[in-house]
Structures are given as C-alpha cells and as structure tokens.
Amino acid sequence: MTDLAQLFGTPEPVALVTGSGAPRVGNHVARALGARGYRLVIHANTSLDEARTTADELQRRGAGAIAVQANLAEEGEVEQLIAAAVEQFGRIDALVNCAAIWESKPLDDVRADDVRRHFEINTLGTFLCCQHVGRVMAAQSTGGAIVNLGDWAIVRPYANYAAYFPSKGAIPTLTRTLAVELAARNANIRVNCVSPGPVMLPASLPEAERRAAIEATLVKREGSPANVADAVIFLLENDFITGVTLPVDGGRSVYAP
C-alpha cells in the first residue's frame, strides 16, 4: 500500500462516491474514505437531503465534502456532477461507483421498461461516470483509481430479479474494458471492481431468508459495510492491481450448500 500523498500527488486526495447519500453501502464507503484523509463528493439522486447531512458531518470532522445531485442515466447530469467536483476541489483522484437500483419482480411481470431502467442506472450510469471521470484522471500526471460495485450473485442468480442481474452482470466486463481503455491514455489510471455478498440485508427480509443467506456463506455470518469499504480502499490504494473483480462475500460465490 502506498502513502496517499505519494500515490495521488496530494495529501488530501479527492474521491467521488456515487450513490452515497442514502444510509447504504455507498454512504459507509464515503465515510471510510473521509476518515482516511480523502476529500469527498457525496453523490445522490433522490437522497440529496441525506447526502447533505453526510457532507455536513464530514466537514465537522475536518474532511472537505460537498453533496451533489445527479441522475446518472443522463449524460448531461453526469457531466455537471463531475464539473462540480472539479470546480470545488480541482481534481478527482478516486471514483467509487455505488449507485444502483434493484427491484424484485416475478419474471412474468417484468417489462421492457424495467430492464431498460436497470441498465440505464446500473450499467450506463457506471459507464458514463468511468468515462467522464477517466478524462479528468487522464489529464492528471498521477492518474487516479476507480472501483465499481458489482454483485456476487451474478454467478448464481436467484429468482425475481431478472431485470437487475443482467445490469450488474455487465459490470465486471465494463471494469476490464475501462481498465484497458483508460490505461492507454494514462498508465497511472486503474479500474477494479468489488462484488459484495450478503451485506446490510434489508430489515424487511423474513428471518428464515436471513438465516438462509447467512448459512449459505462459508464464514456463517452476514458481512458488514466495513468489509466492503476496506476492500474498496485496498483496491484504490494498491497501485499494482487493475482490471480485477474481487468478491467480498464470505465465500458465497464458491460455495453451493
């Protein structure tokens, strides 16, 4: 692991974390980066008030932070998000793509609009952020690092998420593709992916399903947002890893109970 000042050319690198307003994994990742010395751009679409609250808390703790709203399926709004980040901080050293939607629906009820919306937010939104932030990083001598969030279950999809899983299944390929494309522009740009397992299971999940999800891991416990945040930080700061997808799933993707 490299010192942040050496890695990014500044003792206070700048990280943009998409989908970090609502109190889900992205918010925990942003807070972990703030504690590590990053200045933060907290992105939200519908959770802007929560994003502002997080930015205020980070500022009180001494970390520079702003909250910015954008619909990542709209290229113009992605461009405005990135422009706001650069205007505020002058650079972007790290991008973590956590924004996503996931909706349960029986296959017979899934419509083209459901599939299209999942791809627009989960796949296209990730692509656009990588592409446009990549241009900023390419102009920086120190480049930058990108981490996308996938999903372990693309290797073993479960029922009633037929619109969601294809949109997440594209993320590892997108990661490898952008790792190649952006390194060709600046060899100091790296792109990786984290695929979380059962982390922050919904409170509404029936207890029997919760236990089944936990028992289906090798470690026999639910993961924490800190497990994901630690993996993100590792991939951001290890300067000899690029193009990989790292499962953070307690062994769920290799275990068939």
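Residues numbered from 1 in each chain as written. Predicted model: local features only at pLDDT ≥ 70, side-chain atom pairs only at ≥ 80, totals over all residues. Heavy atoms only, no water.

### Thoughts on the pairing of strand β5 (residues 144-149)
Part 1 of the argument: The element β5 is extensively covered by neighbouring structure, given that 6 of its 6 residues are classed as buried.
Part 2 of the argument: Covered by surrounding structure in β5 are G144, I146 and N148 together with A145, V147 and L149, the residues of both alternating faces.
Part 3 of the argument: Two strands pair when backbone bridges link them, and strand β4 (residues 94-97) and β5 are joined in this way by 4 bridges, in the parallel orientation. In the sheet register, N97 faces β5, and the bridge partner there is N148.
Part 4 of the argument: At this point the chain moves from β4, through helix α5 (residues 112-138), to the parallel β5, and the crossover so formed is right-handed.
Part 5 of the argument: Of the strand pairs in this sheet, β5 and strand β6 (residues 189-196) are connected by 6 bridges, and their pairing is parallel. Its bridge partner being in β6, A145 is matched across the sheet by R190. (Buried < 20%, exposed > 50% of the residue type's maximum accessible area, 1.4 Å probe, protein only. Helix = DSSP H or I, 4+ residues; strand = E, 2+ residues; numbered from the N terminus. Pairing = 2+ DSSP bridges. Right-handed = clockwise from strand over helix to strand, strands pointing away.)

### Some remarks on a nonpolar patch on the surface
Part 1 of the argument: Together, L218, V219 and V254 give the surface a local cluster of nonpolar side chains, amounting to about 280 Å² of exposed area.
Part 2 of the argument: As for its position among the elements, L218 is in the loop between α8 (207-215) and α9 (225-237). (Patch = residues over 30% accessible without salt bridge, like charges linked within 9 Å, V, L, I, M, F, W, Y side chains within 5 Å. Areas by Shrake-Rupley, 256 points an atom, 1.4 Å probe, with all protein chains shown as cover. Salt bridge = Lys/Arg side-chain N within 4 Å of Asp/Glu carboxyl O.)

### Structural notes on the packing of helix α2 (residues 25-35) against helix α3 (residues 48-60)
Part 1 of the argument: Running from N to C, α2 and α3 cross one another at 15 degrees; their axes reach a closest spacing of 11 Å. By the angle between their directions, the pair α2 and α3 is classed as roughly parallel. Relative to α3, the crossing made by α2 is right-handed. Between α2 and α3, the contacting residues are N27, R31 and G34 on the first element and T54, E57 and L58 on the second.
Part 2 of the argument: Grouping the constituent residues of the contact of α2 with α3 by class yields 1 nonpolar, 3 polar and 2 charged. (Axes fitted to C-alpha atoms, helices over the stretch in contact; angles between N-to-C directions. Parallel < 35°, antiparallel > 145°, perpendicular 65-115°, else oblique. Left-handed = near helix turned anticlockwise from the far one by under 90°. Contact = heavy atoms within 4.5 Å. Nonpolar A, V, L, I, M, F, W, Y, C, P; charged D, E, K, R; others polar.)

### What about α5?
Part 1 of the argument: With 27 residues, α5 should cover 39 Å at 1.5 Å per step; its first-to-last C-alpha distance of 36 Å lies within 8% of that length.
Part 2 of the argument: The axis of α5 is deflected most strongly, by about 35 degrees, at L124. (Expected span 1.5 Å × (residues − 1). Bend = angle between axes of the 7 residues up to and from the residue.)

### Side note on helix α7 (residues 171-183)
Part 1 of the argument: Under the 1.5 Å per step criterion, the end-to-end length of α7 is 18 Å for 13 residues, consistent within 8% with the ideal 18 Å.
Part 2 of the argument: In this fold, the buried residues of α7 make contact with α5, β5, α6 (164-169), β6 and β7 (245-248).

### Considerations on the packing of aromatic side chains
Part 1 of the argument: Counted according to the given criterion, the structure contains 6 aromatic pairs.
Part 2 of the argument: With centroids separated by 6.1 Å and ring planes inclined at 65 degrees, the aromatic side chains of F8 and Y38 adopt a geometry described as edge-to-face. One end of the pair, F8, is in helix α1 (residues 4-8); the other, Y38, is in the loop between α2 and β2 (39-44), and 30 residues separate them in sequence. No difference in accessibility class separates F8 from Y38, as the two residues are buried.
Part 3 of the argument: Measuring from centroid to centroid gives 5.0 Å for Y158 and F165, while their planes differ by 90 degrees, and the two rings are edge-to-face.
Part 4 of the argument: Linked through ring pairs, Y158, Y161, Y164 and F165 together constitute an aromatic cluster. (Phe/Tyr/Trp six-rings, centres within 6.5 Å; stacked < 30°, edge-to-face > 60°.)

### Observations concerning the nonpolar core
Note on soluble globular proteins: their nonpolar side chains tend to be buried together.
Part 1 of the argument: Membership of the largest hydrophobic core comes to 36 residues, with the highest contact counts inside it found for L33, Y38, L40, V96, V232 and L236.
Part 2 of the argument: Elements that contribute at least two residues to this core include exactly α1, β1 (14-18), α2, β2, α3, β4, β5 and α9.
Part 3 of the argument: Those residues in contact with Y38 that lie beyond four places of it in its chain are L4, F8, P13, V14, A15, L33, A63, G64, A94, L236 and E237.
Part 4 of the argument: Formed by 28 residues, the second largest nonpolar core is a distinct cluster that contains C130, V136, L182 and V191. (Core = buried A, V, L, I, M, F, W, Y, C linked by side-chain atoms within 4.5 Å.)

In short, the description is geometric, and any link to function would need to be established separately.
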